[in-house]
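What follows is each chain in one-letter form.
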Amino acid sequence: MKYSALKGVHDILPPDIYIWQKAESTAKEIFSAYGFQEIRVPIIESTDIFVRSIGETTDIVEKEMYTFPDRADRSITLRPEGTAPVVRSYIENHLYNLPSPQKFFYSGPMFRYERPQKGRFRQFYQIGVEAFGAAEPKLDAEIISMLKIFFERLQMKELKFEVNSIGCEKCRPDYKKALMNFFSSKVTDLCPDCNRRYINNPLRILDCKSSICTELRKGSPKITDYLCNECKSHFEEFLSLLNILHITYNINPHMVRGLDYYTRTTFEITSEYLGAQKTVAAGGRYDKLVEEFGGPPTSAIGFAIGMERLVEIIKNVNPGFCIPAPKVFIAAIGKKANAEGLLIAEQLRAKDIQAELGYDSASLKSQLRRADKLGSNYVFIIGDDELKSGMVKWKNLKDGSQGEIGIASISEFEGLYR
RNA sequence: GUGAGUGUAGCUCAAUGGUCAGAGCAUUGGACUGUGGCUCCAAGGGUUGGGGGUUCGAGUCCCCUCACUCACCCCA
């Protein structure tokens, strides 16, 4: 094989592509019903946009970005996530002058230079939403509900909703201090990774998978006990609204987000159908980011759905999901009949009926075989006899019934409209 | 970046170091001249990932390399 796709990138082919299209159209429908409007932002941005928002010491920025100099030696980065470009756009286009809240959704490829594994790729697709200018927990709950309805519409099952609050710049330092205090006597027993985390980001010790650390963190202080009054009432209101909306969730005080900009509400939706990378959607509030980017103080919240992971789940819970089949297959024998068949197909297609033709003067047998494999509902058969009589034979491939219909009235054939 | 596993036909997989590397599925054709699915028959399809070594003999053993997969890390 001379050429192959680069590591961690992939082609999306039929039949999978139909799942993608369905997921994308469903997202557009449902998010629109919630007042989210589509926004399209560039795939390349100035590198510092991501460094500022995601955080200088995060793995994404330190070792996973596709960063390169352009011809004028500016540092350019292929977007590793969608929030930063949308925030940049929100500020640059003065969208904060429009009535609040402003709600957007986006979809498209993201790029991270990682070792690929199940559910993780170097080019991967996300559908995400961002809402600016509403601090109320009502919006947080609404967004979770929207996600739930989106997943239900795609007939997805057995998803776990996990929520947490990671506080704000007022209360999180206190919690961090308490946490470091708790672990200070045990640092040397923690796994090597957690020794590093203790210095860089002690919150990360909370979701370490090592059995040693799982044991050692028993009885560790919970973030939810350290929230300031404002964060606490925000979280409680959020939870009570989830209850009112009949959303089943799990409070996971160990859930931490990997990007620096999150505040208060965070959430993750996971599925057992995925591998180790089991998060299919995640997000949270980022009430300080717009201001840090040079915009006016603006609360915001958003999430992103991992498309490859979403599609993987759908394939597991619902194999054979919405694969379209031609309504009618036209089998023609002979040159004149083939021309007539082409005309008939064009008439039907003009009425948005999917019509497929046989090619390469294949035998009637092989044309029928192909019609069957494509899953066609009906076959029209045209040969010399039919041309002479002006009547075309039709056959229902699902039940085997047959009949005749005049060539002129084919587009009124009732089987095509069932 | 680290670790483990796997590379044989389009796909899923066989083949004790020993004949010409096989099977199922898929594809194409035939049985059935103009009627699909089921059945039967046949055909096409391979640099055994690549390179080197050991051996009378390597798909099989050794080394190097590449690719893929899974996991760690991290994240959607």
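Residues numbered from 1 in each chain as written. Chains lettered and ligands numbered in written order. Predicted model: local features only at pLDDT ≥ 70, side-chain atom pairs only at ≥ 80, totals over all residues. Heavy atoms only, no water.

Novice: Which parts of the structure should I look at to understand the domain arrangement of chain A?
Specialist: One frequent convention defines the size of an interface as the accessible area lost when the parts assemble. Split into domains, chain A comes out as domain 1 (16-171 + 227-317) and domain 2 (328-417). Computed from C-alpha atoms alone, the centre-to-centre distance between domain 1 and domain 2 is 49 Å. (Domains from an automatic or database assignment.)

Novice: Whenever I open this one, the packing of helix 2 (residues 47-54) against helix 4 (residues 83-92) confuses me. Can you help?
Specialist: What describes two packed helices is the angle between their axes and the distance between those same axes. Where helix 2 meets helix 4, the axes come as close as 9 Å, and the angle between the chain directions of the two elements is 105°. Accordingly, the angle class assigned to the pair helix 2 and helix 4 is roughly perpendicular. Contact residues: helix 2 offers I49, F50 and S53, while helix 4 offers A84, P85 and R88. Class assignment for the residues of the contact of helix 2 with helix 4 results in four nonpolar, one polar and one charged. (Axes fitted to C-alpha atoms, helices over the stretch in contact; angles between N-to-C directions. Helix = DSSP H or I, 4+ residues; strand = E, 2+ residues; numbered from the N terminus. Parallel < 35°, antiparallel > 145°, perpendicular 65-115°, else oblique. Contact = heavy atoms within 4.5 Å. Nonpolar A, V, L, I, M, F, W, Y, C, P; charged D, E, K, R; others polar.)

Novice: Any chance you could explain the packing of helix 1 (residues 16-33) against helix 11 (residues 307-317) here in plain terms?
Specialist: Axis separation between helix 1 and helix 11 bottoms out at 10 Å; the angle between their running directions is 115°. Taken as axis vectors, helix 1 and helix 11 run roughly perpendicular relative to one another. Helix 11 is crossed by helix 1, and the crossing has right-handed handedness. Of helix 11, the residues touching helix 1 (which contributes D16, I19, W20, A23 and E24) are M307, E308, L310, V311, I314 and K315. (Left-handed = near helix turned anticlockwise from the far one by under 90°.)

Novice: Help me out: how do you make sense of the pairing of strand 16 (residues 402-406) in this one?
Specialist: Regular strands show a simple pattern: their side chains alternate between the two faces of the sheet. Across five bridges, the pairing between strand 15 (residues 391-396) and strand 16 is antiparallel. Residue pairing across strands places W394 opposite G403, the latter belonging to strand 16. What sits between strand 15 and strand 16 in their antiparallel hairpin is a turn of five residues, with G400 showing a positive phi close to 85°. (Pairing = 2+ DSSP bridges.)

Novice: Even after reading the chapter, I still don't get the packing of aromatic side chains, so can you show me in this structure?
Specialist: Each aromatic ring pair is described using two quantities: the centre-to-centre distance and the angle formed by the ring planes. As enumerated under the stated definition, the model contains 21 aromatic pairs in all. Relative to Y262, the ring of Y261 has its centre 4.9 Å away and its plane inclined at 55°; by these criteria the two rings are tilted. Taking the relative accessible area as the measure of exposure, Y262 reaches 7% and is therefore buried. Ring centres of Y378 and F413 lie 5.3 Å apart, and the angle between their planes is 90°; this geometry places the pair in the edge-to-face category. Linking Y378 in strand 14 (residues 378-382) with F413 in the segment after strand 16, this pair joins segments that are 35 residues apart in sequence. A relative accessible area of 6% places Y378 in the buried class. Under the relative-accessibility criterion, F413 is labelled buried at 8%. Counting every residue linked through ring pairs, the aromatic cluster contains Y90, Y96, F104, F132, Y261, Y262 and Y286. Between R122 and the ring centre of Y113, over which it is positioned, the NZ or CZ distance is 3.9 Å. (Phe/Tyr/Trp six-rings, centres within 6.5 Å; stacked < 30°, edge-to-face > 60°. Buried < 20%, exposed > 50% of the residue type's maximum accessible area, 1.4 Å probe, protein only. Lys NZ or Arg CZ within 6 Å of the ring centre and 35° of its normal.)

Novice: Help me understand helix 5 (residues 137-153), please; the structure alone is not making it clear to me.
Specialist: Between its first and last C-alpha atoms helix 5 spans 24 Å; for 17 residues at 1.5 Å apiece the expected length is 24 Å, and the two agree. By the burial criterion, the buried members of helix 5 are P137, L139, D140, A141, I143, I144, S145, M146, L147, F150 and F151. Just downstream of helix 5, Q155 is the residue with a positive phi angle, here 60°. (Expected span 1.5 Å × (residues − 1).)

Novice: What should I look at first to understand the side chain of R309 in this one?
Specialist: In this structure, R309 sits in helix 11. One buried charge, R309, has no salt-bridge partner; the nearest side chain with opposite charge is E114, at 6.7 Å. Among the polar contacts made by the side chain of R309, one reaches the main-chain carbonyl oxygen of T279 at a distance of 2.8 Å. Ignoring any residue separated from it by four or fewer positions in sequence, one finds R309 in contact with G119, R120, L274, Q277, T279 and V280. (Lys, Arg positive; Asp, Glu negative; His and termini not counted. Salt bridge = Lys/Arg side-chain N within 4 Å of Asp/Glu carboxyl O. Polar contact = N/O pair within 3.5 Å; in protein donor to acceptor, adjacent residues only side chain to side chain.)

Novice: Teacher, can you tell me more about the protein's contact with RNA strand B here?
Specialist: Around RNA strand B, the surrounding shell holds 47 residues, and the nearest of these are R112, R120, R197, R204 and G258. For RNA strand B, the backbone portion of the atoms within 4 Å of the protein, that is sugar and phosphate, comes to 53%. Residue T279 places a main-chain N or O atom 3.0 Å away from a sugar or linking oxygen belonging to RNA strand B. D372 is positioned with one of its side-chain polar atoms (N or O) 2.6 Å from a base nitrogen of RNA strand B. For the surface near RNA strand B, the elements supplying multiple residues, two or more each, are helix 3 (59-64), strand 6 (123-132), helix 7 (192-200), strand 10 (279-285), strand 11 (300-306), helix 13 (364-374), helix 14 (384-389) and strand 15. For the surface near RNA strand B, the element with the most residues is helix 13, which contributes six residues. A per-class count over the surface near RNA strand B returns 12 nonpolar, 11 polar and 24 charged. (Near = heavy atom within 4 Å.)

Novice: Sorry, what's going on with the sheet that holds strand 3 (residues 66-69) here?
Specialist: In sheet architecture, strand pairing relies on hydrogen bonds along the backbone and comes in two forms, parallel and antiparallel. A sheet is described by the order of its strands in space; here three strands give the open sequence 2-4-3, paired in antiparallel fashion. Each of the sheet's edge strands pairs with one partner strand only, and the pair in question is strand 2 (44-46) and strand 3. Each neighbouring strand pair of the sheet contributes to a mean axis angle of 35°, computed without reference to strand direction. Inspection of the sheet shows strand 3 paired to strand 4 (residues 75-78) by four bridges, in the antiparallel sense. Following the sheet pairing, P69 is matched in strand 4 by S75. Across the sheet, helix 2 touches strand 2, strand 3 and strand 4, and the angle it forms with strand 2 is around 75°.

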